[in-house]
Amino acid sequence: MNIIELGLTQNQQEISRLLEEHSRRMDSSIPAYQREVISLAAYENGIFIGGITGDLVWNILNVHLLAVDPGYRGHGLGGTLLKELEARAAERGCKVSELTTMSWQAPYFYQKQGYEIFGEIKDCPNEGQTKYYLQKKLQP
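Residues numbered from 1 in each chain as written. Predicted model: local features only at pLDDT ≥ 70, side-chain atom pairs only at ≥ 80, totals over all residues. Heavy atoms only, no water.

**Focus: the layout of surface pockets**
Heads up, the condition is: A cavity here means a set of points on a 1 Å grid, drawn over the protein atoms and nothing else, where a 1.4 Å probe fits but cannot get out; a pocket is an open set with protein on both sides within 12 Å along at least five of seven lines, and a residue lines either one if it has an atom within 4 Å of a point. Grid points are joined across faces, edges and corners, and a volume is the space filled by probe spheres set on the points. Numbering goes from the N terminus for both helices and strands, where a helix is a DSSP run of H or I of at least four residues and a strand is a run of E of at least two. Gly is placed with the polar residues, together with every amino acid not listed as nonpolar (Ala, Val, Leu, Ile, Met, Phe, Trp, Tyr, Cys and Pro) or charged (Asp, Glu, Lys and Arg).
Roughly 620 Å³ of internal volume is contained in the largest pocket. Taken together, 28 residues line the largest pocket, and the ones lying closest to its centre are Leu66, Ala67, Ala106, Phe109 and Tyr110. Of all the secondary-structure elements, those providing two or more residues to the lining of the largest pocket are strand E3 (60-68), helix H2 (77-91), strand E4 (96-102), helix H3 (107-112) and strand E6 (130-137). A class-by-class count of the residues in the lining of the largest pocket yields 15 nonpolar, 11 polar and two charged. Computed from the structure, the second largest pocket encloses a volume of approximately 290 Å³. Lining of the second largest pocket is provided by Gln12, Ile15, Ser16, Leu19, Glu20, His22, Ser23, Tyr33, Arg35 and Trp58. Broken down by class, the residue content of the lining of the second largest pocket amounts to four nonpolar, four polar and two charged.

**Section: the pairing of E6**
To be explicit about the condition: Burial status follows relative accessibility: with a 1.4 Å probe on protein chains alone, a residue under 20% of its type maximum counts as buried, one over 50% as exposed, and anything between as partly exposed. Two strands are said to pair when DSSP picks up at least two bridges between them.
Of the two faces of E6, the one lined by Thr130, Tyr132, Leu134 and Lys136 is fully buried and the one lined by Lys131, Tyr133, Gln135 and Lys137 carries no buried residue. In this sheet, E6 lies alongside E4 in antiparallel orientation, the contact comprising seven bridges. Paired with Ser97 across the two strands is Lys136, which belongs to E6. In this sheet, E6 lies alongside strand E5 (residues 116-122) in antiparallel orientation, the contact comprising six bridges. Bridging across to E6, Ile121 finds its partner in Lys131.

**Considerations on the pattern of salt bridges**
Stated precisely, the cut-off is as follows: For salt bridges, the criterion is a side-chain nitrogen of Lys or Arg within 4 Å of an Asp or Glu carboxyl oxygen.
Summed over the entire model, instances satisfying the criterion amount to eight salt bridges. A salt bridge links Arg24 to Glu20; the nearest nitrogen and oxygen atoms lie 3.8 Å apart. Here the residue Arg24 and the residue Glu20 both occupy positions in helix H1 (residues 8-26), the gap between them amounting to four residues, near one helical turn. Relative accessible area serves as the criterion here: at 16%, Glu20 is assigned to the buried category. When the shortest N-O distance is used, the salt bridge between Glu84 and Arg88 registers 2.6 Å. Separated by four residues within a single helix, Glu84 and Arg88 lie in helix H2, roughly one turn from each other. If you follow the salt bridges from partner to partner, you end up with Glu14, Arg17 and Glu21 in one network.

**Digging into the nonpolar core**
Put simply, the rule reads: Buried Ala, Val, Leu, Ile, Met, Phe, Trp, Tyr and Cys residues form a nonpolar core when they are joined through side-chain atoms within 4.5 Å. The contact rule is simple, with two residues in contact once any of their heavy atoms fall within 4.5 Å.
Ranked by internal contacts, the top residues of the largest apolar core, which has 22 residues, are Ile52, Leu61, Val63, Leu85 and Tyr115. Listed by contribution, the elements that provide at least two residues to this core are strand E1 (36-44), strand E2 (47-57), E3, H2 and E6. If one sorts the elements of this core by residue count, H2 sits on top with six residues. Residues contacting Leu61, with those up to four places away along its chain left out, are Gly54, Asp55, Leu56, Leu85, Glu86, Ala89, Cys94, Val96, Ser97, Glu98 and Leu138.

Everything listed is a geometric property; what it means functionally is a separate question.
And the structure:
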């Protein structure tokens, strides 16, 4: 056996192939693992003021990145971006959205947007801090 570093794209393709083969052997009704990325950006007068990214796999929206320029925070832009991402995911058949956030980031923001905490890791990455796992059912 030889363990080597392999380029991310090639490694992901090889791993995905093995996982697909396993899924088909276990349950032929499981759909193929297909990942679709959605990346939205907000501009004001040609200047980037915020954005959000996520991907869709097996009818689940995974929210990855959301940020708003400090000068535009508190005016609803983050919520607008999140709602737009959720709407586009729901149009494509997603039934649930999931994400992670840290205690110093935005757990309360996401709870205000209808997300519920379903798990946490305390003292991560440092003592007194927490990583939260949140989910929200999407409306068709």
